[in-house]
Amino acid sequence: MDHARVVVIGGGVGGTSVAYHLAERGWTDVVLVDRAELTSGSTFHSAGLVGQLRSSVTLTRMMMYGVELYRRLAAETGVDPSWHEVGSLRLASTPERLEELARQAGWAKTFGLPLESISPAEAQALFPLMSLDGVLGAVHLPTDGWLDPSGLAQAMAAGARKRGVRIETHTRVVGIDRRDGRVRGVRVVRDGEERTIGAEVVVNAGGMFAPEIGRLAGVDVPIIPMAHEYLFTERMDGVSPTLPTMRDPDNLVYFREEVGGLCMGGYERHPAPWSLDGVPPDFNGKLLAPDWPRFAEIMDGAVRRVPSIGDAGINRMINGPEAFTPDNEFILGESAVRGFFLAAGFCAHGIAGAGGIGRQIASWIVDGEPELDLWKMDIRRFGGQYRSQAYTLARTVEVYSTYYDIHYPNEERLAGRPLRLSPAYPRLTELGAVFGEKSGWERPNWFETNAAAGDEGLRPRGWAGEHWSPAIGAEALAARNAAALFDESSFSKIEIVGSGACAFLQGLCANDIDRPVGSIVYTQMLDRHGGIECDFTVTRLAADRFLIVTGTAFGNHDLGWIRKQLDDRAPSAGAVTVEDRTSALACLGLWGPRARTILETSTRDDVSDTGFPYLSARRITVGNVPLLALRVTYVGELGWELYPPTEYGLALWDTLWTAGREHGLVAGGYRAIDALRLEKGYRVWSSDITPDETPFEAGLGFAVRLDKGEFIGRDALVAAKAAGPSKRLRCLVLDDPRSIALGNEPVQVDGAIVGRVTSGGYGFAVERSIAYAYLPPDRAAIGTRGEIEVFGRWVGFEVAVEPLYDPKGARIRS
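Here the structure is a predicted model, which is why all the values come from computation and not from measurement. (Residues numbered from 1 in each chain as written. Predicted model: local features only at pLDDT ≥ 70, side-chain atom pairs only at ≥ 80, totals over all residues. Heavy atoms only, no water.)

1. Quick word on the overall build of the chain
A count of helical and extended segments in the chain gives 17 helices and 37 strands. Relative to the compact-globule value of 28 Å for 814 residues, the chain shows a C-alpha radius of gyration of 27 Å, a close match. Projected onto the principal axes, the alpha-carbon positions of the chain cover approximately 80 × 65 × 50 Å. Looking at the chain as a whole, 61% of its 814 residues are labelled buried. For the chain, contacts bridging at least 24 residues in sequence account for 72% of all contacts bridging at least 6. Approximately 29,200 Å² of the chain is accessible, and the part contributed by carbon and sulfur atoms is 50%. Put simply, the chain has 85 plus and 104 minus side-chain charges, and the middle of one group is 4 Å from the middle of the other. (Helix = DSSP H or I, 4+ residues; strand = E, 2+ residues; numbered from the N terminus. Rg over C-alpha atoms; globule rule 2.2 N^0.38 Å. Buried < 20%, exposed > 50% of the residue type's maximum accessible area, 1.4 Å probe, protein only. Contact = heavy atoms within 4.5 Å. Areas by Shrake-Rupley, 256 points an atom, 1.4 Å probe, with all protein chains shown as cover. Lys, Arg positive; Asp, Glu negative; His and termini not counted. Charge placed at Lys NZ, Arg CZ, Asp CG, Glu CD.)

Here it is as C-alpha cells:
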C-alpha cells in the first residue's frame, strides 16, 4: 500500500497552497491528488482580484500575507502568477457608503495599510474611464492588485514539487478510510485502477466538490455552488496595464484590466445556485452557458459607472460555479474526524486568501494550532441545522445576493428563520420582542414595548444608531434599578462526567476546578502558547459531574476543543464523557436589586445571601418547576441563572413574570446585556479575548492558578508572567457620550496608532461611551489620554479604572 504523511485532495489554489506551505514547513511526504488537471475546478475561471482590507483582523492578515507571497513566487518557483500590483479603488455613491469608506480608512491604519481617502476627481485620474455621476468619494490602496489564478496555482505547485511533494492528476478519490474516529487514508482510482494511499492527515481542498469528498469521510460540508458571471471586453481606449482594479458596490460591479480591455463582473441580487444534486462527475475544466438576462443588472451598473463599456466589443463571457458558504467565510480546520481537515468554501475572496489559507492550514497540521484566531472560518462553527441543504441554500443565497450591501453592526440575517425556539418564545413574541438570531436560535435583542420608557435622545450618532431602540436603555436601567428577566436558553451547555472528569478539567482549565460540589468557577482554557481558546464558567454538580456554560455561538467551538483534548488523553486516566446539553435545558436570567424578592415569592427554598451565596449552585423549585439555580451574573447585579429541563421553560417564565410585575420586573434582551457587561468590564471571547491574548494581557490573571499543577498553556503563562505583558486590555471612556466605537477603530496616543478597539457601546447607568482596546504597557496607565477615530473623526478618551460600575462588586454579592 502506498503511504504519505498528508494527502491533499484538490489541485486548485487551495490545495496547491496547502501543499506548498506544508513543504515549506519541512513536511515533504505529501501527495496532492486531483480528479482532472490542476486548476480544473473553479480556479481556472476566477477573476483574480486581490484586495487586502477585510472585515476581520484575521482575514486581513491572511490577505496581507497573500500579497507578500504573490510578490515573490515567480522568482522563487520559476512560474509567474502574473501578479499586477496596480492598486485598487473602492467608490462611494451614497452618504452611507461614504461613511463605510471612512470607517475602512480608519481600520486600515491599524494594519499599517496605505489606504487613502481620495476625492472623486482623484479617483477618476486613476481610472479615467469612470463617470463621476453620483460618486461622493473613494479610497485607494496602492498595494492591492490582481493575478492569474491558474498561474498562482501552478506557481505554488511548482514550489511544492521542488521540495518533494508528489502531484498526481487524473486521480479521483472514491473513498476515505477511517478507524477509531481518525482518518487512515484515501482510496483513489487512476486509469481504471484503484489503490489506497495510507495517510495520517487528509486535507479536503475540493472547492465545489468538497461536500462530495466530505461525505466520504462522514463530514457535512455546507457549500453551495453559485454560478458567477463576468466578461472580458475587446481593447478599449483609455485602458492601460497600470489601471487599478475598481469596485463600485453601489452599482454591484468590479473592474480590472485585461489585455487592453476590461474584465467586469459583479454580484447580482438574484443569484443562481447550481447543480444542487451534486457536481457532475465529468465537470472538469468546464463552464456554464452565458446567462445574459441574469447579467443584465450587472451590465446596467457597469454602464452607469463606465459608459464606454456599453459600446465595447465583448470578447467572451465567463459563467462558472464557485463554492459559497452560508456566511461568506472560508471553511477551514480539522473536522470531527481526527486528521480530516478542510480548506474549502472560498466564496468571493479565495484567490486573495489562498496564500494565507495554505499557511494557516499547514500551521494547524504541523503545530496542532493555526497561527491566527480562525474561529469565524472554523468548520466547527456550523451547527446541525446545516445538514439541511434547504437551510444551507437559503443562507448562502442571502449572503451572495447581499454581498455588496452595507452591513451595519448588529444587522440580523433573515434567511432560514425562525428555526430554534426557546420554550418561552410565545411569551417573548406577545411582549413585543425584536428578535435576533445566533446559531439558529431566535433571541430577543430588545422588546419594543419598552421603548416608551427609554430615551430617544441617547440614540448614538452614525452607524451605531442603526438597529437600535430606546428600549435597550430602558431594559438596562431596569436591571440596575429593579429587575429584568432574560431568556438565555440559547446558551451552550456542556456536561463533563466520569471518574476522571475533575482531573481532565484540571488539565485544561487555567483556574482551579477542584472545588466543593456546588461551586462555580470562572475560567479559561488555553492553547499551548497561553492564548485564550475558551472562556466560560464551570459548575461542579457532583464529585464526578461538571456543567460548562458558554456563549451561544461558541458551543461547537468549545465542544470541539474539549473533545480533541479528550481524544489525546491517556485511556488510563479515568472515564470521561462529554455531552452537549444545550437543547435539554432552558435558561432564564433573573437579575437586579429586587431579584431575590421576586424569587422568594416563588420558592420555599432558601435564597438568602447566607443560604445561597455568590458563585454557588443549588437545585431548587420555583413554582412548580424543578431546576438548577446558579448564582452568577454577566450583567453585574444580584441574581441567578435558572436552568430547568426544557419542557418546564414556559412555566418558569410565567411564574417569574407573574411574581415580578409588582416589583417592576421588565423583560430584557441581549443588547441590554451587552451594555450592562461593558459597564462591568466583562470580556467577550472572539473580540475582547482570543487565542492571540493571554489571561494576563486580558486582565484575567485573577482566574489563573499557576500553583495548582500542570495544565495546557501553563508553561507559556509562567514565561509570560516573568517577561511581563506586551499589551494590556484597557477600558477607555470617550469624551463624547454619543460617539460609539463599534470595534476595530484605530486608537492613538501621542499621535501614534497603538491599537484597535475590541468592543464598545454605551453604558446607560454610567452615562458614558465605553470602549475596550489593547494598549502597549507604556501607554496603558490609568488616566492616559488618547483618541479613537470614529468614522473619520478623532474623539478623545481617557484610560479608566475598571469596572466603571460597582467597582467593589457589592451588588452581585448583596
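2. A short note on the pattern of salt bridges
According to the stated counting rule, one finds 51 salt bridges in the structure shown. Between Arg-294 and Asp-291 there is a salt bridge, with its nearest N and O atoms 3.2 Å apart. Among the residues examined, Asp-291 registers a relative accessible area of 27% and is labelled partly exposed. Close ionic contact of Arg-480 with Glu-637 constitutes a salt bridge, the shortest N to O distance being 3.0 Å. Of the two residues, Arg-480 is situated in helix H11 (residues 470-481) and Glu-637 in the loop between strand E29 (625-630) and strand E30 (639-643); the sequence distance between them amounts to 157 residues. (Salt bridge = Lys/Arg side-chain N within 4 Å of Asp/Glu carboxyl O.)

3. Remarks on the side chain of Ser-489
Position of Ser-489 relative to the elements: it lies in the loop between strand E21 (483-487) and strand E22 (492-497). Side chain to side chain, Ser-489 and Asp-487 meet in a polar contact 2.8 Å long. At a separation of 3.1 Å, a polar atom in the side chain of Ser-489 contacts the main-chain amide nitrogen of Cys-587. Aside from chain neighbours lying at most four places away, what touches Ser-489 is Ser-422, Pro-423, Trp-441, Thr-582, Leu-585, Ala-586 and Cys-587. (Polar contact = N/O pair within 3.5 Å; in protein donor to acceptor, adjacent residues only side chain to side chain.)

4. Let's talk about the sheet that holds strand E12 (residues 224-233)
A sheet is described by the order of its strands in space; here eight strands give the open sequence E5-E6-E4-E13-E14-E15-E12-E16, paired in mixed fashion. The two strands at the open ends of the sheet, each matched to only one other strand, are strand E5 (116-118) and strand E16 (314-324). Direction aside, neighbouring strands of the sheet carry axes that sit 20° apart on average. Bridging between E5 and strand E6 (residues 137-141) involves three bridges; their strand directions are antiparallel. The partner of Ser-117 across the bridge, within E6, is Val-139. Relative to the sheet, helix H3 (residues 95-109) contacts strand E4 (88-92), E5 and E6, its axis offset from that of E4 by approximately 140°. Helix H7 (residues 292-305) rests against E4, E12, strand E13 (245-248), strand E14 (253-258), strand E15 (261-266) and E16 of the sheet, and its axis sits at about 50° to E12. (Pairing = 2+ DSSP bridges. Axes fitted to C-alpha atoms, helices over the stretch in contact; angles between N-to-C directions.)

5. Thoughts on the sheet that holds strand E28 (residues 617-622)
The strand order across the open sheet formed by six strands is E28-E29-E30-E27-E21-E31, and the pairing between neighbours is mixed. Two strands bound the open sheet, and with one partner strand each, they are E28 and strand E31 (665-668). Averaged over all pairs of adjacent strands, the angle between their axes in this sheet comes to 30°, without regard to strand direction. Sheet topology places E29 next to E30; three bridges connect them, and they run antiparallel. For Ala-629, the partnering residue across the bridge sits in E30 and is Leu-642.

6. Digging into helix H1 (residues 13-24)
Over its twelve residues, H1 extends 16 Å from the first C-alpha to the last, a length consistent with the 16 Å expected when each residue adds 1.5 Å. Counting buried positions over the twelve residues of H1 gives eleven, a clear majority of the element. Those residues of H1 not exposed but buried are Val-13, Gly-14, Gly-15, Thr-16, Ser-17, Val-18, Ala-19, Tyr-20, His-21, Leu-22 and Ala-23. Directly after H1, the chain includes Gly-26, whose backbone phi takes a positive value near 95°. (Expected span 1.5 Å × (residues − 1).)

7. Notes on the environment of Gly-416
Note on placement: Gly-416 falls in the loop between helix H9 (389-401) and helix H10 (425-430). According to the relative accessible area criterion, Gly-416 is partly exposed, its value standing at 28%. In contact with Gly-416, other than residues within four places in its own chain, are Tyr-391 and Ala-394.

8. A few points about the packing of aromatic side chains
Given two aromatic rings, their pairing is described by the distance between the two centres and the angle made by the two planes. Evaluated as defined, the whole model comprises 27 aromatic pairs. An angle of 45° between the planes, with centres 4.3 Å apart, marks the rings of Tyr-267 and Tyr-403 as tilted. With Tyr-267 in the loop between E15 and H7 and Tyr-403 in the loop between H9 and H10, this residue pair connects regions lying 136 residues apart in the sequence. Residues Trp-292 and Phe-295 carry aromatic rings whose centres are separated by 6.1 Å and whose planes lie at 85° to one another, so their mutual orientation is edge-to-face. You can see Trp-292 and its partner Phe-295 sitting in helix H7, three residues apart, about one turn around the helix. Put simply, the rings of Tyr-254, Tyr-267, Phe-324, Tyr-400, Tyr-403 and Tyr-404 touch in pairs and so form one group of aromatic residues. The ring of Tyr-20 has Arg-163 sitting right over it, with the charged end atom 5.4 Å from the ring centre. Above the face of the Tyr-65 ring, Arg-359 is positioned so that its terminal group lies 4.7 Å from the ring centre. (Phe/Tyr/Trp six-rings, centres within 6.5 Å; stacked < 30°, edge-to-face > 60°. Lys NZ or Arg CZ within 6 Å of the ring centre and 35° of its normal.)

9. Structural notes on H3
Taking 1.5 Å per residue, 15 residues should reach 21 Å; H3 reaches 22 Å between its end C-alpha atoms and fits that length. Looking at H3, one finds that the buried residues are Arg-97, Glu-100, Leu-101, Arg-103, Gln-104, Ala-105, Gly-106, Trp-107 and Ala-108.

10. Things to note about the pairing of E29
Among the six residues in E29, five count as buried, and that is most of the element. In this sheet, E29 lies alongside E28 in antiparallel orientation, the contact comprising six bridges. In the strand pairing of E29, Val-622 is matched with Val-625. Counting the residues between successive antiparallel strands, the hairpin from E28 to E29 contains two residues, one of them, Gly-623, with a positive phi of roughly 60°.

11. Comments concerning the packing of H1 against helix H5 (residues 149-162)
Axes are the key here: two packed helices are described by the angle between their axes and the distance separating the axes. Here H1 crosses H5 at 30°, and the two axes come no closer than 8 Å. The pairing of H1 with H5 is recorded here as roughly parallel in orientation. The handedness of the crossing between H1 and H5 is left-handed. Along the contact surface, H1 presents Val-13, Thr-16, Ser-17, Ala-19, Tyr-20 and Ala-23, while H5 presents Pro-149, Leu-152, Ala-153, Met-156, Ala-157, Gly-159 and Ala-160. Looking at side-chain class alone, the contact of H1 with H5 contains ten nonpolar, three polar and no charged residues. (Parallel < 35°, antiparallel > 145°, perpendicular 65-115°, else oblique. Left-handed = near helix turned anticlockwise from the far one by under 90°. Nonpolar A, V, L, I, M, F, W, Y, C, P; charged D, E, K, R; others polar.)

12. Quick word on the nonpolar core
Judged by nonpolar contacts, the single largest core of 50 residues is most densely connected at Tyr-70, Leu-152, Val-203, Phe-330, Leu-332 and Ile-361. Of all the secondary structure elements, the ones that give two or more residues to this core are strand E1 (2-9), H1, strand E2 (30-33), helix H2 (57-77), H5, strand E11 (193-204), strand E18 (340-344) and helix H8 (350-367). When sequence neighbours within four positions are dropped, the list of residues in contact with Phe-330 reads Leu-59, Met-62, Met-63, Ala-344, Gly-345, Phe-346, His-349, Gly-350, Gly-353, Ile-357, Met-377 and Arg-381. (Core = buried A, V, L, I, M, F, W, Y, C linked by side-chain atoms within 4.5 Å.)

13. Quick look at the environment of Arg-172
Secondary-structure assignment places Arg-172 in strand E9 (residues 172-179). Sequence separation between Arg-172 and Ile-9 is 163 residues, and the spatial gap between their C-alpha atoms is 8.9 Å. Engagement of the side chain of Arg-172 in a polar contact is seen with the backbone oxygen of Pro-281, the distance being 3.0 Å.

14. Describing unusual backbone geometry
Trans is the common state for peptide bonds, and a negative phi is the common state for residues other than glycine. Across the junction of Arg-417 and Pro-418, the peptide omega takes the value -10°, indicating a cis bond. Going from Glu-802 to Pro-803, the amide bond is cis rather than trans, its omega being 0°. Looking at the element boundaries, Pro-803 is found in the segment after strand E37 (793-800). In this structure, Thr-39 takes a positive phi of about 75° despite not being glycine. As for its placement among the helices and strands, Thr-39 is situated in the loop between E2 and strand E3 (49-50).

Treat this as a map of the structure, not an account of what it does.
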